[in-house]
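Coordinates in review
Here are the chains, one letter per residue:
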Amino acid sequence: MQERADFPIAIIGAGFAGIGAAIQLIKAGIHSFTIFERADEIGGTWRDNNYPGCACDVQSHVYSLSFEQNPNWSRRYATSWEIQEYLLGVVDKWKLRERMRLNTEIVEARFDEETGAWTLTTGDGETFTARAVIAGVGGLVDPAYPDIPGMNDFEGEMMHTARWNHDVDLTGKRVAVIGTGASAVQVVPSIAPIVAMLSVFQRTPAWVVPKFDAFYPKWLRRVLAGVPFFLHTSRFVKYWMSEALGPIVFFNSKVLSGIGVFISMWNLRRQVKDPELRKKLTPDFQFGCKRVLVSDDYLAAFELDNVNLVTDAIEGIETRGVRTKDGTLHESDAIVLATGYKLGLANSPFPIIGRDGRTLADAWSHGATAYMGITVAGFPNWFIMMGPNTGPGHTSVLVYTEAQISHALQAIKKLMTENLKYMDVHQNRQDEYNAGIQKRMKYMVWGGCDSWYLDQDGSNHSLYPGFAAEFVVRARTLHADDYELVSFS
Ligand code: NAP
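Rules and cut-offs
Residues numbered from 1 in each chain as written. Predicted model: local features only at pLDDT ≥ 70, side-chain atom pairs only at ≥ 80, totals over all residues. Heavy atoms only, no water. Buried < 20%, exposed > 50% of the residue type's maximum accessible area, 1.4 Å probe, protein only. Helix = DSSP H or I, 4+ residues; strand = E, 2+ residues; numbered from the N terminus. Pairing = 2+ DSSP bridges. Right-handed = clockwise from strand over helix to strand, strands pointing away. Axes fitted to C-alpha atoms, helices over the stretch in contact; angles between N-to-C directions. Salt bridge = Lys/Arg side-chain N within 4 Å of Asp/Glu carboxyl O. Contact = heavy atoms within 4.5 Å. Near = heavy atom within 4 Å. Polar contact = N/O pair within 3.5 Å; in protein donor to acceptor, adjacent residues only side chain to side chain. Areas by Shrake-Rupley, 256 points an atom, 1.4 Å probe, with all protein chains shown as cover. Nonpolar A, V, L, I, M, F, W, Y, C, P; charged D, E, K, R; others polar. Domains from an automatic or database assignment. Parallel < 35°, antiparallel > 145°, perpendicular 65-115°, else oblique. Left-handed = near helix turned anticlockwise from the far one by under 90°. Phe/Tyr/Trp six-rings, centres within 6.5 Å; stacked < 30°, edge-to-face > 60°. Lys NZ or Arg CZ within 6 Å of the ring centre and 35° of its normal.

Successive residues of a regular strand alternate their side chains across the two faces of the sheet. Burial analysis of strand β9 (residues 174–178) places 4 of its 5 residues in the buried class, the great majority of the element. Summarising the sheet, β9 and strand β10 (residues 197–201) pair through 5 bridges and their orientation is parallel. Along β10, the bridge assignment pairs V177 with V200. Taken together, β9, helix α4 (residues 184–191) and β10 constitute a β-α-β crossover, and its handedness is right-handed. Pairing analysis gives 4 bridges linking β9 to strand β17 (residues 334–337), with the strands arranged parallel. Paired with A176 across the two strands is I335, which belongs to β17.

Quick look at the structure:
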């Protein structure tokens, strides 16, 4: 493709999505892009999440870019450090730092219908003009801090899993962990052996399936590096296995859920011998309704003498610890908040002002929706990565992201080659697409319990109701007639 300096492109965010999009632009011969990253380093989730035990619970051969496969993963489920190193390597390989502005937070984006351009304003008041924007700002980014009375009174150390303070040494301390989600199941078994006392505050038990994590021996890594066919086959097999198991996790079927329950109960029984404890750790909601957790050692941690599962509701936090409703004060030197992320308008983290001066937050006031999770009517040339209804409960989110990158890339090529001013998805196509998504939700398991998957009104704007492969087939190809194409007059 001929280089077009008059077609500047902005990529917001230097996480997996932004890095992947940048590589695909380069591969398409498009170099007129700048990556804006608010932090001082690339990596997104994998830069921010480095609490003890942090790892991906999706196999690394699948949880990596398909066009940048890594034969050297040290284990089946890489740690956050290893994933971050992988991303750093990819950024170096593609020399992306030359096109990146770190410590540059975009605080406003405004579309101009006359010029077909977005004006991005940074936190320092600088402006940047972009003819197209790829927004890879991430879905699970900003920590959700619980609203527990007395939080500020606590005199010990308090930290969120997504903002781990490595200066705090937990060795020999009394530690409280609030929350029992995907982050907690990793941090609890990692710190249990070093702390004096660990109290885990569980509001809702989770279904936990075995991880069967393992190191990859050197010889295997050499084979994967030497014979790319094996590397691709490994990814292919792991991806299709996750798809094949998907229905157990996402369909609202008692029979399919039963398989998940069977596996989880086996996992619970092999790790926890005490029947009373097992009872407390057994969920009463349908398998898959909340994110299924994957761990070989979380449940077993509760068998340790210094680990205490607290199921009484929290009343408040006091100077010396956490008080539960039964009146007990659980004295603690440190509190770890494993309480998840703010979701809702995650893809609209700053004012994004489209046609007619309307903000994306306003367009999403009744829930975030987008066409294929990528484009929103009234916000032309703005391409969202990991957008509404593109999260999976059963496989790698990157499979979805790559389809979104492909869609955005085709749109950008069209804008450039046909010298279009902008393309704006038709509102009716967006509405039809989302009506279809919501219609399918009734066959999915997620409506049956409270989780971060759901908005306050109970609607699901987070997950894709189906197989990843199906989403990929739908989303990866641009259908131009779904868009209003506006030329320069
Ligand atoms: P989460 O799944 O939202 O879990 C938050 C936990 O905190 C829940 O157990 C919740 O209880 C509890 N909680 C929240 N507020 C509370 C309060 N006021 N009092 C007591 N308990 C409270 O958060 P997360 O574990 O950080 O995971 C979020 C998502 O990040 C995951 O679902 C996953 O998509 C992603 N993640 C992925 C990986 C990976 O390996 N790929 C690892 C970590 C996270 P309730 O259940 O009762 O609400």
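Taken together, the 3 strands give an open sheet; going across it, the order is β14-β15-β16, and neighbouring strands pair in antiparallel fashion. One side of each edge strand has no neighbouring strand; the edge strands of this open sheet are β14 (314–318) and β16 (329–331). Averaged over neighbouring strand pairs, the angle between their axes works out to 25° when direction is ignored.

Right, let's get into the pattern of salt bridges. Evaluated as defined, the whole model comprises 26 salt bridges. Salt-bridge contacts for R440 lead to E470; the nearest nitrogen and oxygen are separated by 2.7 Å. Here E470 lies in helix α13 (residues 468–475) and R440 lies in helix α12 (residues 427–441), a separation of 30 residues in the sequence. Note on R440: relative accessible area 24%, which makes it partly exposed. Judged by its relative accessible area of 27%, E470 is partly exposed.

The 5 strands lie next to each other as β3-β2-β1-β7-β19, forming an open sheet whose pairing is parallel. The open sheet has two free edges, formed respectively by β3 (100–101) and β19 (382–384), since each of these has just one partner strand. Contacts from helix α1 (residues 16–27) reach β1 (9–12), β2 (33–36) and β7 (132–135) within the one sheet, and its direction differs from that of β1 by about 155°.

What follows covers the site of the ligand. Every one of the 22 residues lining the ligand counts as a neighbour, but D57, A182, S183, T204 and K290 are closest to it. Within the backbone of A182, an N or O atom sits 2.8 Å from an oxygen atom of the ligand. W452 places a side-chain nitrogen or oxygen 2.8 Å from an oxygen atom of the ligand. Its free accessible area being 910 Å², the ligand has 82% of it covered by the protein chains. The residue inventory of the shell around the ligand, partitioned by class, reads 10 nonpolar, 8 polar and 4 charged. Residue contributions to the shell around the ligand reach at least three from each of two domains, namely domain 1 (9–142 + 342–487) and domain 2 (145–206 + 291–339).

This next bit is on the pairing of strand β4 (residues 106–112). Both β4 and strand β5 (residues 117–122) contribute to a ladder of 6 bridges, which runs antiparallel. Bridge assignment links A109 to a residue of β5, and that residue is L120. Linkage of β4 to β5, two consecutive antiparallel strands, is achieved through a turn of 4 residues, within which G116 is found at a positive phi near 65°. Pairing between β4 and strand β18 (residues 352–353): 2 bridges, direction parallel. Residue pairing across strands places R110 opposite I353, the latter belonging to β18.

The next point concerns the packing of α1 against helix α11 (residues 397–417). As a packed pair, α1 and α11 sit with axes 10 Å apart at the nearest point and diverge in direction by 45°. What the angle tells us is that α1 and α11 run oblique. The way α1 lies across α11 gives a crossing that is right-handed. In this structure, α1 contributes F16, A17, G20, A21, Q24 and L25 to the contact, and α11 contributes L398, T401, I405, L409 and I412. Partitioned by chemical class, the residues of the contact of α1 with α11 number 8 nonpolar, 3 polar and no charged.

Its place among the elements puts I352 in strand β18. The exposure class assigned to I352 is buried, which follows from its relative accessible area of 1%. In this structure the C-alpha to C-alpha distance between I352 and D431, which are 79 residues apart in sequence, comes to 20 Å. Contact partners of I352, with chain neighbours within four places excluded, come to A109, W118, N347, R358, T359, L360, F379 and W382.

In total, this model carries 24 aromatic pairs according to the counting rule given. Ring centres of F16 and Y86 lie 6.1 Å apart, and the angle between their planes is 35°; on these two criteria the pair is classed as tilted. In this pair, F16 sits in helix α1 while Y86 sits in helix α3 (residues 80–93), placing the two residues 70 residues apart along the sequence. Across this residue pair, the class does not change: F16 and Y86 are buried. With 5.3 Å between their ring centres and 85° between their planes, F250 and F467 make a pair best called edge-to-face. Placement of the pair is F250 in helix α6 (residues 228–250) and F467 in the loop between α12 and α13, with a sequence separation of 217 residues. Owing to a relative accessible area of 2%, F250 belongs among the buried residues under this scheme. Chaining the aromatic ring pairs together yields one cluster made of F16, W46, Y63, W73 and Y86. Positioned above the aromatic ring of F215 is the side chain of R75, whose terminal nitrogen or guanidinium carbon lies 4.4 Å from the ring centre.

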